[in-house]
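What follows is each chain in one-letter form.
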Amino acid sequence: MGPDLKRGKLIQKCLRAYDILRKNATDMVWVEAVHDLEAAKLRVKELASGSDEEYVIFDQRTRKIVANGSSLRPRL
């Protein structure tokens, strides 16, 4: 593997791959980007703990929502 390929893979790993979005009445609003899914889940829990707003986690690589507020809330 050449240096350019190694550097490209390193850059891909460093990119923030998950967007956190807040749902409102008409659309979703970008909040921030996070580097991995577990970090994104923790951040959404922090954001949602003090509000009634719903958040989703969007995977930039697959272009799909991978978690939403209801899947992140603890089940009673």
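Calculation notes
- Residues numbered from 1 in each chain as written.
- Predicted model: local features only at pLDDT ≥ 70, side-chain atom pairs only at ≥ 80, totals over all residues.
- Heavy atoms only, no water.
- Salt bridge = Lys/Arg side-chain N within 4 Å of Asp/Glu carboxyl O.
- Helix = DSSP H or I, 4+ residues; strand = E, 2+ residues; numbered from the N terminus.
- Expected span 1.5 Å × (residues − 1).
- Buried < 20%, exposed > 50% of the residue type's maximum accessible area, 1.4 Å probe, protein only.
- Arc of directions from axis to C-beta.
- Polar contact = N/O pair within 3.5 Å; in protein donor to acceptor, adjacent residues only side chain to side chain.
- Lys, Arg positive; Asp, Glu negative; His and termini not counted.
- Contact = heavy atoms within 4.5 Å.

(A) Summary view of the pattern of salt bridges. Under the criterion given, the structure shown has five salt bridges. In the salt-bridge network here, residues are joined through shared partners; they are Glu32, Arg43 and Glu46.

(B) Structural view of helix 2 (residues 37–49). With 13 residues, helix 2 extends 18 Å from end C-alpha to end C-alpha; this agrees with the ideal 18 Å at 1.5 Å per step. By the burial criterion, the buried members of helix 2 are Ala40, Val44 and Leu47. Looking straight down helix 2, one finds that the buried residues subtend no more than 65 degrees of arc, so they occupy a single side. Exposed residues on helix 2 whose side chains face more than 90 degrees from its buried face are Glu38, Leu42, Glu46 and Ser49. Between a side-chain oxygen at the N-terminus of helix 2 and the backbone nitrogen of glutamate 38 the separation is 3.2 Å; the capping residue is aspartate 36.

(C) Local environment of unusual backbone geometry. Even without a glycine there, the phi angle at arginine 63 is positive, about 65 degrees. Looking at the element boundaries, arginine 63 is found in the loop between strand 3 (54–59) and strand 4 (64–68).

(D) Geometry of the side chain of aspartate 19. As for its position among the elements, aspartate 19 is in strand 1 (residues 18–23). For the buried residue aspartate 19, which engages in no salt bridge, the nearest side chain bearing the opposite charge is arginine 63, 6.0 Å off. At a separation of 2.8 Å, a polar atom in the side chain of aspartate 19 contacts the side chain of glutamine 60. Filtering out sequence-adjacent residues up to four positions away, aspartate 19 remains in contact with Trp30, Glu32, Ala33, Val56, Ile57, Phe58 and Gln60.

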